[in-house]
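Each chain is listed here by its residues.
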Amino acid sequence: MQFAGSHILSVQQFERGDVERIFSVADRMAPYAHRRRITKVLDGAILGSMFFEPSTRTRVSFGSAFNLLGGEVRETTGFENSAIAKGESLYDTARVLSGYSDVIVMRHPAEGSVREFAAASRVPVMNGGDGSNEHPSQALLDLYTIQSEMAASGRSIDQLRIAMVGDLRYGRTVHSLCKLLCLFSGVQVVLVSPRELRMPAEIVEALCNTGHQVLESDALEESIAHVDIVYSTRIQEERFSSQEEADLYRGRFRLNQSIYTHNCEPNTVIMHPLPRDSRDHARELDDDLNDNPNLAIFRQTDNGVLVRMALFALILDVVKQVDAHARDVNWYTAGRF
Ligand code: CP
């Protein structure tokens with residue numbers, strides 16, 4: 001694809017070569033993301049960051065990625081702080097905000113809303129999550145993490161064995177990740193969920209149509225026995241009609257150190273898009289896994305900055321200029337990465 005000036009709305013706009021290009025640019029962002037070098041390649045550029053649903057990682061890492069490339073961030077969080085609360089349309093909001101920004105990232109609770117916003121925007125728009133639909137930058141950082149974790153033990157994304165566990169109906173990260181996996185070959189996917197929260201049929205069909213092996217299950221322990229990755233997800237309580245309905249499913253599939261030790265292969269990697277629900281009645285990924293070296297959840301969050309920097313560099317067409325606008329940092333930075 002032509003990255004310069006493009007919106008990033010769905011992983012379905014990518015071919016495998018595009019994903020490999022993003023990952024290769026992400027690798028080059030490491031000195032900047034790891035605070036060894038500073039670049040001012042986006043000096044003067046403005047990111048409009050609009051999050052109409054709660055977010056920690058996506059909002060802050062998109063902002064940090066833009067700052068690390070030398071740009072500035074203008075944030076709107078919550079409908080209550082936007083003129084949308086006074087009845088302004090997405091069309092008008094997009095026309096206005098795109099006059100103030102060079103690129104926009106947006107999260108919104110309604111499926112398709114970011115695409116509608118992008119159609120009216122005068123600058124590129126990136127989907128930070130639209131309802132249950134998609135979360136493309138999360139899927140890219142997840143796949144980048146999978147590639148890196150697999151490479152460390154001589155494995156690859158092709159022929160990957162992955163179990164996705166939890167709320168597969170409303171979890172937009174697993175929707176986008178499955179669609180990205182369709183670009184690779186020979187993947188075995190075990191989908192572990194309550195019957196009511198199964199992966200949408202069209203996504204299962206897309207995996208099967210691209211030659212992948214898909215197994216659906218509602219039993220955690222047997223499903224994680226022979227996989228490279230266990231990708232756990234939170235019950236997406238904000239998509240349910242009541243907390244009571246979400247409570248029917250919370251805590252159904254808990255992975256802790258004991259279950260991991262008794263069921264998983266020794267080098268099975270544990271992932272989660274986060275936030276994990278650490279309340280007692282949930283705990284889909286128990287805190288007692290925190291010292292497990294195969295717990296990759298914070299490597300995922302660190303990788304989010306690299307991948308989002310890469311997306312900005314590609315969309316704003318500055319990849320070749322990043323190093324020319326760089327210098328070493330002034331401060332002590334050892335030990336964080
Ligand atoms: N993974 C993710 O989207 O996290 P946030 O909701 O904190 O952005």
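Residues numbered from 1 in each chain as written. Predicted model: local features only at pLDDT ≥ 70, side-chain atom pairs only at ≥ 80, totals over all residues. Heavy atoms only, no water.

> I'm lost on the environment of R107 in this one. Help?
With respect to the helices, strands and loops of the structure, R107 is situated in strand β4 (residues 103-108). For R107, a relative accessible area of 6% puts it in the buried group. C-alpha of R107 to C-alpha of S49: the two residues are 58 residues apart in sequence and 8.7 Å apart in space. Residue contacts for R107: discarding those within four places in its chain leaves M50, F51, F52, E53, P54, S55, T58, G128, G129, H135 and R172. (Helix = DSSP H or I, 4+ residues; strand = E, 2+ residues; numbered from the N terminus. Buried < 20%, exposed > 50% of the residue type's maximum accessible area, 1.4 Å probe, protein only. Contact = heavy atoms within 4.5 Å.)

> Which parts of the structure should I look at to understand the pairing of strand β7 (residues 188-192)?
Residues in a regular strand project their side chains so that they alternate between the two faces of the sheet. Among the 5 residues that make up β7, 4 are buried, leaving the element largely enclosed by the rest of the structure. Bridging between strand β6 (residues 161-165) and β7 involves 5 bridges; their strand directions are parallel. Opposite V165, over in β7, you have V192 as the bridge partner. Crossover handedness for the path β6 to helix α7 (residues 172-181) to β7: right-handed. Taken together, the 5 bridges between β7 and strand β8 (residues 213-217) define a ladder with parallel strand orientation. Across the sheet, L191 pairs through a bridge with E216, a residue of β8. You can see the chain leave β7, run along helix α8 (residues 201-209) and come back into β8, and the turn it takes is right-handed. (Pairing = 2+ DSSP bridges. Right-handed = clockwise from strand over helix to strand, strands pointing away.)

> Please explain the sheet that holds β6 as it appears in this structure.
Within a sheet, adjacent strands bond to each other through the backbone by hydrogen bonds, running parallel or antiparallel. With parallel pairing, the 5 strands of this open sheet are ordered in space as β8-β7-β6-β9-β10. On the outer flanks of this sheet lie β8 and β10 (269-271), each paired with one strand and no other. Along the sheet, successive strands turn relative to each other by an average axial angle of 15°, direction set aside. Of the strands in this sheet, β6 and β9 (229-232) are in contact with α7, which crosses β6 at around 160°. (Axes fitted to C-alpha atoms, helices over the stretch in contact; angles between N-to-C directions.)

> Hey, could you run me through empty space enclosed by the protein in this one?
Left-over empty space is what a probe sized like a water molecule reveals as it rolls over the atoms. Summed over all chains, the structure comprises 3 cavities of 30 Å³ or more. In this structure, the largest cavity occupies an estimated 100 Å³ of space. When grouped by side-chain class, the residues that make up the lining of the largest cavity number 5 nonpolar, 4 polar and 5 charged. (1 Å grid on protein atoms, 1.4 Å probe; cavity = no way out; pocket = protein on both sides within 12 Å on 5 of 7 lines; lining within 4 Å. Points joined across faces, edges and corners; volume = space filled by probe spheres on them. Nonpolar A, V, L, I, M, F, W, Y, C, P; charged D, E, K, R; others polar.)

> It is not clear to me how the packing of aromatic side chains should be interpreted in this structure. Could you clarify?
Two aromatic rings are characterised by how far apart their centres lie and by the angle between their planes. Applying the stated criterion to the full structure yields 6 aromatic pairs. Aromatic side chains F62 and F312 sit 5.7 Å apart centroid to centroid with 70° between the ring planes, which places their arrangement in the edge-to-face category. Separated by 250 residues along the polypeptide, F62 in helix α3 (residues 57-68) and F312 in helix α12 (residues 297-315) bring together distant segments of the chain. The buried category is assigned to F62, whose relative accessible area is 0%. Take F312: its relative accessible area is 0%, and that puts it in the buried class. Summarising the aromatic geometry, the rings of F240 and Y249 are spaced 5.8 Å apart at their centres and angled 35° between planes, so their arrangement reads as tilted. Judged by relative accessible area, which is 9%, F240 ranks as buried. Under the relative-accessibility criterion, Y249 is labelled buried at 8%. An aromatic cluster of three or more residues is present, and its members are F62, F66 and F312. (Phe/Tyr/Trp six-rings, centres within 6.5 Å; stacked < 30°, edge-to-face > 60°.)

> Can you walk me through the domain arrangement of the protein chain in this structure?
In many reports, interface size means the accessible area that the parts give up when they come together. Split into domains, the protein chain comes out as domain 1 (11-134 + 303-328) and domain 2 (136-298). Each partner contributes to the interface: domain 1 provides 29 residues, whereas domain 2 provides 24 residues. Summed over both sides, the interface of domain 1 with domain 2 buries roughly 2400 Å², with 59% coming from carbon and sulfur. Together, V11, R16 and F23 form the three largest contributors to the area buried by domain 1 at its contact with domain 2, with a combined 27%. (Domains from an automatic or database assignment. Buried area = accessible area lost by both parts, 1.4 Å probe.)

> Could you clarify how one ought to interpret the environment of V73 in this entry?
With respect to the helices, strands and loops of the structure, V73 is situated in strand β3 (residues 72-77). Between the C-alpha atoms of V73 and V103, which are 30 residues apart in sequence, the distance is 9.9 Å. Setting aside chain neighbours within four positions, we find V73 in contact with L47, S49, G63, F66 and N67.

> Is there a simple way to explain helix α4 (residues 90-97) in this structure?
Each α-helix winds once per 3.6 residues, and so residues spaced three or four apart point in a common direction. For α4, the full list of buried residues reads L90, T93 and A94. For α4, the buried positions fall inside an angular range of 100° around the axis, keeping them on one side. As for α4, its buried residues are in contact with β2 (46-51), β4 and α5 (113-120). (Arc of directions from axis to C-beta.)

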